[in-house]
Structures are given as C-alpha cells and as structure tokens.
Amino acid sequence: MQINKVAVLGSGVMGSAIAAHLANAGIPSLLLDVLPSALLPEEEALGLTFQSPKVRNRIAALNKAKLLKTSPALLFVPEFADRIEVGNLTDDLERLKEADWIIEVVVERLEVKVDLLKKVAAHVRPGTIVSSNTSGISLRSMAEGLPVDFTRYFLGTHFFNPPRYMKLFEVIPGPNTDLEVLRFMMDFGERTLGKGVVKAKDTPNFIANRIGIYGLAVTLQEMERFGLTVDEVDALTGPVMGRPKSASFRTVDMVGLDTFVHVAANVAEGVPEEKEYFALPAFILTMLEKGWIGDKAKQGFYRKVKTKEGKSTEVLDPKTLTYVPMKNVKFSALDKAKNAGSLPEKIRTLIGGKDIGAQFSWNVLKRVLLYAANIMPQVAENINAVDTAMRLGFNWKMGPFETWDALGVPRTAERMSAEGDTLPSLVTQLLAEGKASFYEKDAGGRQTYFNPGTGNFDTLPDNPYSFSLKQAHEQGKTIFGNSGASLVDLGDGVACLEFHSPSNSIGSDILNMIHKSLAEVEKNYLGLVISSEGKNFCVGANLMLILMAAEEEEWDELDLMVREFQRGTMALKYAKKPVVAAPYGMTLGGGAEVCLHSHAIQAAAETYMGLVELGVGLLPGGGGTKEMAVRALEGILPGVQAAPDYFYAKRFETVAMAQVSTSAEMAKNLGFLRDHDRYSMNSDHVLPDAKARIIDLARNFRPLLPTKVKTAGSSVRATLELALYGMKQGRYISEYDEYLAQKLAYVITGGDKPAGSAVDEQYLLDLEREGFLSLAGEQKTQERIRYMLAKNKPLRN
C-alpha cells in the first residue's frame, strides 16, 4: 500500500487544515465541498454563471484561501498551498479514482456521512483506503449498508485541531477493517504525517475527547459547587496539576465553546447512563446563545479589551454574565504546590492541602482518575493508550494512570474509599495482585504496564523509529559528560552529544564537551549527532554570563568566551568525522550557529531557527555572521556573473531582522538549512533519522578543507545602509536598531576590504568578534539584555 494523493471531502476548518498538513507532508490533495446555493453579486458582475468552475468550486477555494491567513500558520510555507487542488462534491466524484486515501470531514451528522460514503463507494477504485475524521460518531453505524469489500478498507482517522500542531492521531478500526489496512495507516500516521498514533475502540468520542471533555464537565460542576471563579479554576487546573498553561477555560476558548458543548452532548447521547456526568451549567448554554464561544468570537470565558494603558484581559463572572478584571489568585495549597519540586510533588501538595482550592483540586482530579479507570477497558486496549492519548491530545504532562502512580495507588485508593467512592475493578485487581503501581520497570530496565486481562505486566513494544536518550543513560550508554552535556552511544558506531544545561544554553561546559566529544568520535565512532531531549534544542549562549562580564568590564574574559565559542563551531565544521545537528523547537542564536557549522542538519519539521542576537543588541558571535556571509553567494555557478547585492541583502535581512523560521521548511528559505539538509515530520524520529544520516555520510566522507571567501565590499554595504536609512525614516526601526544593523553590514560585507577580496574565515570571525565585543559595551545593548532576561521579550530602545 502507498499513499501518493488524498481526497479530502469537506473543506471547513478541519478539512482544509488536514489538507494543509498533508501538503506539509509532501502529499497533494483534492479538497472538495458542496456547491454554493447561489451566485454572488461580484460573480454576476464578472459574467460568471452557475456552470462556471470558479463558482461551483467557490466554497473549497475560499476555505483554501483562508489557510494563508491563519495564525499560527497551518502551512509550513505559503507555497505549499499549491499542493491543494479544489473542486466540488457534485462534479468531481469521478476524480476520487485518483486518490489512494479518501478522508471524510463533513458535518458531524450520521445521516450526512452515510449518504456521502455511499456515493464514495460507488466511485472509488477497489482497495482505496477510506476514513472518517469523526470525533465520536460510531464507525459501525457509518459502515451499515456499505459494500463489504469497501468496509474492509474503511476506518476512523481522528485528527486533533489544528492538525499541524496537535500530535494525537486516533485510529479506530471499523467492524470489518482489514488488519493490514489498520497497521498501514498507523505506520503512515506516525512516519509520514508525524503523529503520535493511538489505536482506539469504536466508542463515543473515542479516548482523548471522552476523558478530556469529562474532565472539563466535572471542573464546571465542582466550580459551581465550591463557588470558585473562572480565573481561580484556571490557576488550580494548569501546570501545577500537570495540565497546559491554558488550563481549563482558556482551553475551551481556544477549542470553541460550541465544539465543547457538541462533544459533551455526543457522549451524553451515545452513553445514556453517563448523561448526568456531562450535564453542563445553565450559564454555558446562555454563553452559547449569545455567541460567546471563545477566541473565534473574540470573547468567551476571557476577552481582551483596550484601556488607556494598552490591552488588558477580563474574565467572565458566570453568576452575572459580565466581564470583570482578572485577579491575583491566592490559595495556600496552590502557593505551596508552585514551590514544590517535581510535578508529582506539586500535585500531592496541591491536593493535600486543607483550603477550598485544595478540596476543589482533589475532587476534580479524583473524579477524572476514577472515570478513566472505569472506562479504560471500553475505550482502549491498554492503559498506555489512554495515557498517551491524554498527553498528546490534551497536552497533559501525565496521563491518568501515570498520575495514579505519581500519587501512589494504595494511598489514593484508600483516600477514595474513606470518602465513600467505589473503586474501579481495574484498581482493585491491581491491588489484589499485590502491586502498587500501574507501571513497572522489568529486570532489563524496560517499561511495563499492568494488563487487567491477564493480571500480568506487559512490556511496551520498542519503537524502531524513536530513541530515548534518557533510557540510554539508564542503560549505561553514557560515554562521558559534565553538567552541560553528555556523549551518548546511539549504537551502530554513532555517538550523540546531548545538551542538558539549563534551557540548553551554551556555556563553557558545552564548548569543552564539543572538543572532547570530537576527539573521542574521531578515534572510535563513525560520526557525531548533536541533539537533546529538552523542551527546545538550544536557546543560544548564556546571556547572563555575557551581561555580567560586560557590566564588570571583563573584556579579556568576554573576548575569550567568544573566541572559544568560535573555536568550537569551527571544530565542528572541520571535524574529521561527519557531524549532523538534529535540532527541534526553538533553535536560537548559538543553537543555530552550532547547526550552521555541522556537515548536515536533520531537523524536526517544527524547528524555529534564527540568529536573534540583534534583538538583544549584539551580533551573532559564534560564527553565525561569518557563516551567513560565506553562504551569501552559494548556489551561483562558477563563471556566472551576478550582482551580489540581492544575495547579501537576503542573508543580511535574515540576521538584521532577527528572523526566526516558523518551520524547518521556512528555515531553508532563510538560508539556515541547505538543499542537502532534511527534516523529519515526527519530532520523535529526529535522533534515529540523524543517526541514519551519519551512517550514510560516513560511507564516503571527506573532511572539509578551508577555502577563501570573497568579500562584498563597500558598494554592497552602501546598498544595505541605504535600505536601513529608509526603514528608520519610515519609523520601522529605531536609531539604535539602525546602528546595530550598520555594524552587522560592516562585518557581513568584509569590513574595509575591497569588493572581491579573497579572505579566509578567520578574518571574518575576527570582524565578528570585534563587533560583538564593541556592542557588548554599549549601554543600550546591556539594557536590552537585562530586559530580555527579566521579561523574556525584546526591548526596542
């Protein structure tokens, strides 16, 4: 089986977003929707008729056009919209024969879906995979009356919105789904679409929405019971409980209150015995009637208003249905929990308190834990599927069964029983087996989970596409390390330099490890991967150390720091064995410079890379400015005469504007990734993919030899400075922004050397270092650094 083209039936918010994600994955699609009901006046003015394709395809075309305006962007780059072709469900059903996968994304009404699927069955090629993106309608009900051969290739594929950013992909077999089709789609979802795939059973709302919406419903019920406010609830149900910063009500605002109410009603209808669990307060229905459905309506539980001081956020008072200023939430248990250590300690502290905040938190958490344990056998094949679904679908730090373990199953069960709650059979069975947790490590250090069907612990299967550095450390694969980084054996002759300093920022410990690791790799390994497992790959150099040295006027020390950074990146570039950087997430400043000096980059698709130093009043000082100058004229064939202004201007703008890519594909456009660099759709696959790159490069690797670089000279610099003058006059940049960019222009064009002068890289590195040091001494630069450290955002002074 192979998927080269997809037909997406339904071009609404979800359908068009799925088509966008398919485009990101390199898969063209045919996006179809219904015919419009009538001509628009502007169409009539153009002489179009109802038979004109532009009219008949209007709905899908308009929804495709909206993809270019969404924020955050659903497409990696705008050009990928060209991979989406539009049509309609009347004229283009015959074209379904072109598709290898057809995904239905129409309105959540059974009769509408069944009617469409019957039409699809009459037009597809035999063996075409057909799926529904339903968020909870029964696959069995949809399959009734469809040809048996058709239903062998029919299943549920539930994306979470927005598909580009939400990793969960629930795959639900229908009543007759062929096992090979199911396996193929699970593998395709993980490898090609970059998803975390969870197999779910055909039950209302499947796994994540069933438990997540239940959690939100009981949160509302407990909020009313305790008389808490919206902002108090969000303070208690956010990161301190292991939930995302959006907590409860900000999450509903993001998803849409209408969606939340619809999904809750779907469970109540599909599981009548649980109807009372999903009962919503009257004020929710009033909000729905008023259209206060969240971000898409610009008001929901929260809204932003303009004041004399700027914008402020107000919060809804459910009792009066008016908006009031947000307050500073104070609960004794909450304050203590925030100061606790690990997440399990935070949760135990929060629910162990005596105040009303602690009581509310315990009631919400208790009900969710009991509910998840009760329905697990109905919705999933094992407890790990439930935990994975909640982590990936609702961004919980720990799933329900991981939370049971963190709190202590015996202790938690005892507290529940003492309060009169009936323990789920899954919990009583675990305790009867003499076990105290749902997960255990086996003798080999592998993760196992409790299987209630056998009463034993099953081993989680190894994923051939992913690699855990944490597990590698536990298995004794650490070669050596220090406080900032470690060298880890990835197997098959490949080593990994793992950053693990605070925020993975680069300091002397990481720089020392670069040299030590390269020496070890050159003796005993095929090559070196550079990566990490933190939230972000690397946020750059240690700004605090730079500020302290500048304030104390320790110029020799700061000069040495920059020299050592440059020496480290150049050691990577001229290493005798291949070096592959494997970035992901935020890859800023020094992190980008490490990547720029690697022989190849295997990035995660969601890599946000940029040389952002000008935002804090500095130049990229670890070779980044030099490398952008080196790359300015790359790609121009020998002997071809080309004006350098455009090529230097493009690289200059990237650095001067501190541009950060919004994807790995955009990083190519900005010049951070070259044509031979690649990216993995699934961030979990970056390390193994980078390892494969090393093995491939090592077959015929030749170390780079130093080459000369031709300088751009003063004429190009004058062009850049003229553009800066225009931007300052137009008030797009400040006077100090212009001053910083002029420094950058001086360095990137080769200083005082005439145009076309052949210089070595060290000459450019010296210019770069001198520019960095001179700016570090400027008062306004130090103000920018202080502001960034304090506020985590740039200051424009």
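All values derive from a computational prediction rather than experimental measurement.

Calculation notes
Residues numbered from 1 in each chain as written. Predicted model: local features only at pLDDT ≥ 70, side-chain atom pairs only at ≥ 80, totals over all residues. Heavy atoms only, no water. Helix = DSSP H or I, 4+ residues; strand = E, 2+ residues; numbered from the N terminus. Rg over C-alpha atoms; globule rule 2.2 N^0.38 Å. Buried < 20%, exposed > 50% of the residue type's maximum accessible area, 1.4 Å probe, protein only. Lys, Arg positive; Asp, Glu negative; His and termini not counted. Charge placed at Lys NZ, Arg CZ, Asp CG, Glu CD. Pairing = 2+ DSSP bridges. Phe/Tyr/Trp six-rings, centres within 6.5 Å; stacked < 30°, edge-to-face > 60°. Core = buried A, V, L, I, M, F, W, Y, C linked by side-chain atoms within 4.5 Å. Contact = heavy atoms within 4.5 Å. Salt bridge = Lys/Arg side-chain N within 4 Å of Asp/Glu carboxyl O. Patch = residues over 30% accessible without salt bridge, like charges linked within 9 Å, V, L, I, M, F, W, Y side chains within 5 Å. Areas by Shrake-Rupley, 256 points an atom, 1.4 Å probe, with all protein chains shown as cover. Axes fitted to C-alpha atoms, helices over the stretch in contact; angles between N-to-C directions. Expected span 1.5 Å × (residues − 1). Polar contact = N/O pair within 3.5 Å; in protein donor to acceptor, adjacent residues only side chain to side chain. Parallel < 35°, antiparallel > 145°, perpendicular 65-115°, else oblique. Left-handed = near helix turned anticlockwise from the far one by under 90°. Nonpolar A, V, L, I, M, F, W, Y, C, P; charged D, E, K, R; others polar.

## What about the overall build of the protein?
Inference 1: Scanning the protein from terminus to terminus reveals 33 helices and 25 strands.
Inference 2: Relative to the globule expectation of 28 Å for 797 residues, the C-alpha radius of gyration of the protein, 29 Å, shows essentially globular dimensions.
Inference 3: With 797 residues in all, the protein has 54% of them scored as buried.
Inference 4: Charge separation in the protein, taken as the distance between the mean sites of 90 positive and 96 negative side-chain charges, equals 1 Å.

## Side note on the pairing of strand β11 (residues 322–325)
Inference 1: Pairing between strand β10 (residues 310–317) and β11: 4 bridges, direction antiparallel. Across the sheet, residue glutamate 314 finds its bridge partner in β11, namely proline 325.
Inference 2: A loop of 4 residues connects β10 with β11, the two strands running antiparallel in sequence, and leucine 321 in this loop sits at a positive phi of about 55°.

## A look at the packing of aromatic side chains
By convention here, two paired aromatic rings are described through the distance between centres and the angle between planes.
Inference 1: Considering all chains together, one arrives at 21 aromatic pairs under this definition.
Inference 2: Plain terms: the ring middles of tryptophan 101 and phenylalanine 188 are 5.9 Å apart, the flat faces sit at 85° to each other, and that makes the pair edge-to-face. Remark: phenylalanine 188 occurs in helix α8 (residues 179–191) and tryptophan 101 occurs in strand β4 (residues 101–104); sequence separation between them is 87 residues. Phenylalanine 188 shares its class with tryptophan 101; the two are buried.

## Overview of the nonpolar core
Inference 1: Ranked by size, the top nonpolar core spans 112 residues in total, and within it Ile207, Phe301, Phe401 and Phe438 carry the most contacts.
Inference 2: For this core, the element with the most residues is helix α16 (residues 356–379), which contributes 13 residues.
Inference 3: Leaving out residues up to four positions away in the same chain, isoleucine 207 has contacts with Glu170, Val198, Lys199, Ala200, Val379, Ala380, Ala385, Val386, Ala389 and Met390.
Inference 4: Counting residues in hydrophobic clusters, the runner-up holds 92 residues, among them Ala549, Ile601, Met609 and Ala712.

## Focus: the pattern of salt bridges
Inference 1: Under the counting rule described, the total for this entry stands at 48 salt bridges.
Inference 2: For arginine 699, the salt bridge goes to aspartate 696, with nearest N and O atoms at 3.1 Å.
Inference 3: With a relative accessible area of 64%, arginine 699 lands in the exposed category.
Inference 4: Between arginine 769 and aspartate 766 there is a salt bridge, with its nearest N and O atoms 3.0 Å apart. Residue arginine 769 and its partner aspartate 766 are located together in helix α32 (residues 761–776), separated by 3 residues, close to a single helical turn.
Inference 5: According to the relative accessible area criterion, arginine 769 is buried, its value standing at 6%.
Inference 6: When its relative accessible area of 25% is taken as the criterion, aspartate 766 is described as partly exposed.
Inference 7: Because the salt bridges share partners, they merge into one network encompassing Lys573, Lys626, Glu627, Arg631, Glu634, Arg674 and Glu761.

## Side note on a nonpolar patch on the surface
Inference 1: On the surface, a cluster of nonpolar side chains totalling about 340 Å² of accessible area is made up of Met544, Leu545, Met548 and Leu789.
Inference 2: Leucine 789 sits in the partly exposed class, given a relative accessible area of 38%.

## Topic: the environment of glycine 671
Inference 1: If you trace the backbone, glycine 671 turns up in the loop between α28 (664–669) and β23 (678–680).
Inference 2: Residues glycine 671 and lysine 330, 341 residues apart in the sequence, show an inter-C-alpha distance of 48 Å.
Inference 3: Apart from residues no more than four positions distant in its own chain, glycine 671 is found in contact with Leu596, Arg631 and Arg651.

## Considering the pairing of β10
Inference 1: Here 6 bridges tie strand β9 (residues 302–307) to β10, and the two strands are oriented antiparallel to one another. Note that in β10 the partner of arginine 303 across the bridge is glutamate 314.
Inference 2: Between the end of β9 and the start of β10, which pair antiparallel, lie 2 residues.

## Description of the sheet that holds strand β14 (residues 456–459)
Inference 1: In space, the 3 strands of this open sheet follow the order β12-β13-β14, with antiparallel pairing throughout. Here the strands that pair on one side only, and so sit at the sheet edges, are β12 (439–441) and β14. For this sheet the average axis-to-axis angle between neighbouring strands, irrespective of direction, equals 40°.
Inference 2: Relative to strand β13 (residues 447–451), β12 is paired through 3 bridges, and the arrangement is antiparallel. Opposite glutamate 440, over in β13, you have threonine 448 as the bridge partner.

## Remarks on α8
Inference 1: Given a rise of 1.5 Å per residue, 13 residues ought to cover 18 Å, and the 18 Å separating the end C-alpha atoms of α8 matches this to within 8%.
Inference 2: Looking only at α8, the buried set comprises Val181, Leu182, Phe184, Met185, Phe188, Gly189 and Glu190.
Inference 3: Those residues of α8 hidden inside the fold are in contact with β4, β5 (129–132), β6 (154–159), β7 (168–173) and β8 (196–199).
Inference 4: Backbone nitrogen of glutamate 180 and a side-chain oxygen of the N-cap are separated by 2.8 Å at the start of α8; the cap is aspartate 178.

## Here we look at the packing of helix α19 (residues 409–418) against helix α20 (residues 425–432)
Inference 1: Following both chains from N to C, one finds α19 and α20 inclined at 130°, their axes separated by 11 Å at the closest point. In terms of orientation, α19 lies oblique with respect to α20. Note that α19 runs across α20; the crossing there is left-handed. Contact residues: Val409, Pro410 and Ala413 in α19; Val427, Leu430 and Leu431 in α20.
Inference 2: Of the residues that constitute the contact of α19 with α20, the class distribution is 6 nonpolar, no polar and no charged.

Taken by themselves, the reported measurements are silent on function.
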